[in-house]
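If you want the building blocks of each chain, they are given just below.
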Amino acid sequence: MKYKKGDKVIIKSRKWYNENKDESGIITFSTDRGDYNVTKEDERFFGRVVTITYVGEGYYITAEDDRGYVWIDEMIEG
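Reading guide: rules and limits
Residues numbered from 1 in each chain as written. Predicted model: local features only at pLDDT ≥ 70, side-chain atom pairs only at ≥ 80, totals over all residues. Heavy atoms only, no water. Salt bridge = Lys/Arg side-chain N within 4 Å of Asp/Glu carboxyl O. Helix = DSSP H or I, 4+ residues; strand = E, 2+ residues; numbered from the N terminus. Buried < 20%, exposed > 50% of the residue type's maximum accessible area, 1.4 Å probe, protein only. Phe/Tyr/Trp six-rings, centres within 6.5 Å; stacked < 30°, edge-to-face > 60°. Contact = heavy atoms within 4.5 Å.

(A) Focus on the pattern of salt bridges. Following the criterion strictly, the structure yields 9 salt bridges and no others. With a closest N to O distance of 3.1 Å, Arg14 and Glu43 form a salt bridge. Of the two residues, Arg14 sits in helix H1 (residues 14-20) while Glu43 sits in the loop between strand E3 (34-38) and strand E4 (49-55), which places them 29 residues apart along the sequence. Looking at Arg14, the relative accessible area reads 42%, which means it is partly exposed. The exposure class assigned to Glu43 is partly exposed, which follows from its relative accessible area of 30%. Across the salt bridge formed by Asp32 and Arg33, the nearest N and O atoms sit 3.6 Å from each other. By relative accessible area, which is 72% here, Asp32 ends up exposed. Linked by salt bridges that have partners in common, Arg14, Lys40 and Glu43 make up one network.

What follows is the structure in structure tokens.
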């Protein structure tokens, strides 16, 4: 895990999403803790700065995402 609670990070861009999504509009990351997806529903976060409020085992929760969705390092710039 690269980040800690309180860090501000940038979610990857719309361009990145468009270049990597499959025919269903999904990007899937398979990890040892399960699969994580990025979908069109996440577009309001693409390229946006968000604040990490929780660090779990292999994932983050952000203040700006009121869905309780989890984000992983591969979805974050840099």
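(B) A look at the packing of aromatic side chains. Per the counting criterion, the structure on display carries 6 aromatic pairs. When the centroid spacing of 5.5 Å and the interplanar angle of 70° are considered together, the rings of Phe45 and Trp71 count as edge-to-face. Taken together, the residues span a long stretch of sequence, with Phe45 in the loop between E3 and E4 and Trp71 in the segment after strand E5 (60-62) at a distance of 26 residues. On the basis of relative accessibility, which here comes to 1%, the residue Trp71 falls in the buried class. The rings of Phe45, Tyr69 and Trp71 are connected pair by pair, giving a single aromatic cluster.

(C) Focus on the environment of Thr53. Tracing the chain through its elements places Thr53 in strand E4. Assessed through its relative accessible area of 32%, Thr53 is described here as partly exposed. Ignoring anything within four residues of it in the chain, the contact list for Thr53 reads Lys5, Ile61, Thr62 and Ala63.

Remember, this is a structural readout, not a statement about activity or role.
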